Amino acid sequence: MEFSEFLHTLRVWDVSLPHFDPDAAPSSPLPLFQEWLMHAAGAGQAEPHTMSLATVDADGRPDVRTLMLHDADAHGWHFASHSTSAKGRQLAAHPVAALGFYWPAVGRQVRVRGRVTPAGEAASQADLHARSTGALAAALVGRMSEVLPEYGELEQASEAAWARAAADPATAIPSWTRYVLAPESVEFFQGEARRRHVRLRYRRVGADGWERELLWP
């Protein structure tokens, strides 16, 4: 079977999709996002807090990767990484980004776009130390996105980092940064069996206001 033929055999949303009435949506996107993420988790969606983060490099070329959401509150959508990583350097040069959430268990997507700012040293270190020992050890290894000559070097660095994380769980990592994306637009997509998908976009108006609009699928 050709690869393209194989792709056509794959089913999409082979589940009972929930109903979404955009007229009943709240006036701002945050409560709806929180509701949708928790609903996806309750519907059996694995790792509903994983998301795609898109940034741009020095030449304006897009770059994307998958990472975890750390919070979503009145300040924005939170995530973290080393400031020395590829994404950290890109955000320092071009502090704008887009997030993408996809929950196939319920046929829903959420897209968030906006400006990104570091949350500050205290918030970044608190974020670091709220994580597991393994996550702290990974952060201690550092060197994210650098070329790795051979895998054995990572194994050795990881062993040392695990030992340090266990011995000193409060150790600081200056490059660890919690970022906050302040949303300028948030789009909610609900799949529909007959392809009459619902797309509701919130757009920032002024400092605290939001404008809602439906989009053609």
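1. With respect to the packing of helix 5 (residues 133-141) against helix 6 (residues 151-167)
- One can describe the packing of helix 5 onto helix 6 by two numbers: an axis separation of 8 Å at closest approach and a directional angle of 125 degrees. Comparing the axis directions of helix 5 and helix 6 gives the class oblique. Relative to helix 6, helix 5 is oriented so that their crossing is right-handed. Contacts between helix 5 and helix 6 involve Thr 133, Gly 134, Leu 136, Ala 137, Leu 140 and Val 141 from the first element and Leu 154, Ala 157, Ser 158, Ala 161, Trp 162, Arg 164, Ala 165 and Ala 166 from the second.
- Residues of the contact of helix 5 with helix 6, tallied by class, amount to 10 nonpolar, 3 polar and 1 charged.

2. Topic: the pairing of strand 5 (residues 96-103)
- Every second residue of strand 5 is oriented toward a common face, the buried set being Ala 97, Leu 99, Phe 101 and Trp 103 and the non-buried set Val 96, Ala 98, Gly 100 and Tyr 102.
- Sheet topology note: the strand 1 (residues 50-56)/strand 5 ladder contains 3 bridges and is antiparallel. For Ala 54, the partnering residue across the bridge sits in strand 5 and is Ala 98.
- Alignment of strand 5 against strand 6 (residues 108-118), held across 8 bridges, turns out to be antiparallel. Note on strand 6: the bridge partner recorded for Ala 97 is Gly 114.
- Counting the residues between successive antiparallel strands, the hairpin from strand 5 to strand 6 contains 4 residues, one of them, Gly 107, with a positive phi of roughly 65 degrees.

3. Description of the pattern of salt bridges
- Taken as a whole, this structure holds 12 salt bridges when the rule is applied.
- In this structure, Arg 203 and Glu 211 form a salt bridge, with 2.6 Å as the shortest nitrogen-oxygen distance.
- Among the residues examined, Arg 203 registers a relative accessible area of 35% and is labelled partly exposed.
- In this structure, Arg 203 engages Glu 213 in a salt bridge whose closest nitrogen and oxygen atoms are separated by 2.7 Å. Separated by 10 residues along the polypeptide, Arg 203 in strand 8 (residues 198-205) and Glu 213 in strand 9 (residues 209-215) bring together distant segments of the chain.
- Here the salt bridges do not stand alone but share partners, grouping Arg 201, Arg 203, Glu 211 and Glu 213 into one network.

4. Considerations on the packing of aromatic side chains
- As enumerated under the stated definition, the model contains 11 aromatic pairs in all.
- Aromatic pair Phe 33 and Trp 77: ring centres 5.1 Å apart, planes at 65 degrees, arrangement edge-to-face. With Phe 33 in helix 2 (residues 29-42) and Trp 77 in strand 4 (residues 76-82), the pair connects residues that are 44 residues apart, well separated along the chain. Taken individually, Phe 33 and Trp 77 each receive the classification buried, so the pair is uniform in this respect.
- Here Phe 101 and Trp 103 contribute two aromatic rings whose centre-to-centre distance is 5.9 Å and whose plane-to-plane angle is 40 degrees, an arrangement assigned as tilted.
- Ring pairs connect the aromatic residues Phe 20, Trp 36, Phe 188, Tyr 202 and Trp 210, which therefore count as one cluster.
- The cationic tip of Arg 108 hangs over the ring face of Trp 36; the distance from NZ or CZ to the ring centre is 4.0 Å.

Criteria and cut-off values
Residues numbered from 1 in each chain as written. Predicted model: local features only at pLDDT ≥ 70, side-chain atom pairs only at ≥ 80, totals over all residues. Heavy atoms only, no water. Axes fitted to C-alpha atoms, helices over the stretch in contact; angles between N-to-C directions. Helix = DSSP H or I, 4+ residues; strand = E, 2+ residues; numbered from the N terminus. Parallel < 35°, antiparallel > 145°, perpendicular 65-115°, else oblique. Left-handed = near helix turned anticlockwise from the far one by under 90°. Contact = heavy atoms within 4.5 Å. Nonpolar A, V, L, I, M, F, W, Y, C, P; charged D, E, K, R; others polar. Buried < 20%, exposed > 50% of the residue type's maximum accessible area, 1.4 Å probe, protein only. Pairing = 2+ DSSP bridges. Salt bridge = Lys/Arg side-chain N within 4 Å of Asp/Glu carboxyl O. Phe/Tyr/Trp six-rings, centres within 6.5 Å; stacked < 30°, edge-to-face > 60°. Lys NZ or Arg CZ within 6 Å of the ring centre and 35° of its normal.

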